[in-house]
Amino acid sequence: MSIKTEEFLLNLGPQHPSTHGVFRIVLTLDGETVVKAVPVPGYLHRGIEKLAESRTYTQVIPYTDRLDYLAGMLMNWGYVHAVEKLMEIEVPERAEFIRVIVGELARIASHMMATGAFAADIGGLTGFIYTFRDREDILDLFEELCGARLTPSYMRIGGVAYDLPDGWVEKCRKFIDYLPKAIDEYNGLITGNEIFQARTKNVGVLPPEKAIDMSLSGPTLRGSGVNYDLRKARPYSVYDRFEFEVPLGTKGDCFDRYYVRILEMQQSANIIRQALDMLPEGPIRAKVPKIIKPPAGEAYAEIESSKGIMGTYVVSDGSTKPYRVHFRRPSFVNLSYLDEMLRGWKIADVIAILGSIDIVLGEVDC
Amino acid sequence: MPLPETITELKAKYPDIEVSGEIITVPLNQLTQLMTELKEKHGYNFLTNVTAVDYPPDYFEMVYNLSVVGAPDMIQVKTKVDRNRPEVPSMVPIWGGAIWQEREIYDLLGITFTNHPDLRRILLDDNWEGHPLRKDYQWEGGRE
């Protein structure tokens, strides 16, 4: 005899801890199985693109901190990179190296948060505490560099705001030397954990062709084995001078997306070590006029952020304020496949799949 | 296929397009055809970015940034849309990645996309009036 079942709606979020911010999913469930999922963003929308139209080019930088607030440095970089392209500014070499160093530090910090939060989603809160402890070291380095921990506003159009303070390079090296030990710890505590593996392996499999079709990027795309990292595919800044690998997953399940991030942290550490060794002397900012007034025109530039491809489209009408700024945020695009990804899985898997995409709502809502 | 060859080929086939560097401007009625060809024939399998810019009082400009997975190639396609009748064919049938990006443009600029499978507001409330990224949108307490 079969049991008659009835579908029902469940609102997951907006304030559920596993939604990593304010985000709601309206789940249509049959028992515990997801039949349909309707993601509802928008609770955080601040109109950053509209605000940018009434600020000067320089005044837009602090807004970019608040997009991906877990990797503000990278968001700064994405924006200034586009304005520099628009104005054809050549950034001094030392500034480019410093950008790579702080950018990769931000990537490690962001991946640490992703790792820890993912472990917490799956039910292992200890992992969260461990990654938070180590992320602290990076934030200390940022604080010493520019006075801010989460919202650095450190990049400037044409370079960076401040040179590295005395002793900073040594502290950074110390952290990089410590990092492998920390990652060993995560591997022992999270990656190797039997429950963690059972909850993530073969769950939420994302086929590579689908990932490309849906424009997914970052570790979410590379977890499916697609080799697309802008630092390699279309090297910007000075990335062509460093040796590093692009870690890829094989199955495209939640575990792969998680583990790609662990491997990426190690690669970022490699890059930072090389950049510290090669760090040239010289100015940290190009000769840029105090009042930035790009010629009328437009530019679109992309960087590889911690969540994927961060693109900035800037249109100038020749005045001191941008005519239009658009941010292509990786988390926003990565989320658009959520409905299909969740169908057929159980509620507990919803948490694992959402966590494995590593979204940040500041970026989704913009 | 390298970008210059792609552009030469496209120019021969679509005489109405304007090319400057890696930016192609195409008339709206040829957009879908050109985009399909860029994907099927020239391998632009990744729609990175879709956005639009408001140029009152005449037109909106749609901007598409395409790239090739794992390769350095990038191309930008633009098209002008009548501001009084803002309707653009949806790119979702060609690249699924357009689905939320087009919803965002619909929400903030009020451009409708024909054949879009799920065209609803995405960032603003369903009852919101107007489209804030339009240049003539006046918000309470706003500057200018």
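Residues numbered from 1 in each chain as written. Chains lettered and ligands numbered in written order. Predicted model: local features only at pLDDT ≥ 70, side-chain atom pairs only at ≥ 80, totals over all residues. Heavy atoms only, no water.

Convention followed: UniProt positions are given in the numbering used here, feature names are shortened, and annotations may be inferred rather than shown by experiment.
The name an unreviewed UniProt entry gives chain B is NADH-quinone oxidoreductase, with Desulfotomaculum nigrificans as the organism. The heading Catalytic activity (unreviewed entry) in the UniProt record of chain B holds the text "a quinone + NADH + 5 H(+)(in) = a quinol + NAD(+) + 4 H(+)(out)". Chain B has a UniProt comment under Function (unreviewed entry) that states "NDH-1 shuttles electrons from NADH, via FMN and iron-sulfur (Fe-S) centers, to quinones in the respiratory chain."

Looking at an unreviewed UniProt entry, one finds chain A named NADH-quinone oxidoreductase subunit D, with Desulfotomaculum nigrificans as its source organism. UniProt, in its Subcellular location (unreviewed entry) section for chain A, records the words "Cell membrane". Quoted verbatim from the Catalytic activity (unreviewed entry) heading of the UniProt record, the comment on chain A is "a quinone + NADH + 5 H(+)(in) = a quinol + NAD(+) + 4 H(+)(out)".

**Here we look at helix α6 (residues 168–191) of chain A**
All names here are of chain A. The test is simple: Helix numbers and strand numbers start at the N terminus; a helix is a DSSP run of H or I with at least 4 residues, a strand a run of E with at least 2. The length a helix should cover is 1.5 Å for every residue beyond the first. To obtain the bend at a residue, axes are fitted to the seven residues ending there and to the seven starting there, and the angle between these axes is taken. Each residue is placed in one exposure class: buried if its accessible area under a 1.4 Å probe, protein chains only, is under 20% of its type's maximum, exposed if it is over 50%, and partly exposed if it falls in between. Here, two residues are considered to be in contact whenever any of their heavy atoms come within 4.5 Å of each other.
The first and last C-alpha atoms of α6 sit 32 Å apart over 24 residues, in line with the 34 Å expected at 1.5 Å per residue. Taken as a whole, α6 carries its principal kink of about 35° at L179; the proline P180 stands between one and four residues after it. Considered for burial, the residues of α6 that qualify are W168, V169, C172, F175, I176, L179, A182, I183, Y186, I190 and T191. Close packing links the buried residues of α6 with α4 (93–122), α5 (125–146), α7 (194–200) and α11 (254–278).

**Observations concerning the pairing of strand β8 (residues 324–328) of chain A**
All names here are of chain A. Keep this limit in mind: Note on pairing: DSSP must find at least two bridges between two strands before they are called paired.
Burial within β8 is extensive, with 5 of its 5 residues counted as buried. Neither face of β8 is exposed, since R324, H326 and R328 on one face and V325 and F327 on the opposite face are all buried. As paired strands, strand β7 (residues 309–316) and β8 are joined by 5 bridges and run antiparallel to one another. Bridge assignment links T312 to a residue of β8, and that residue is F327.

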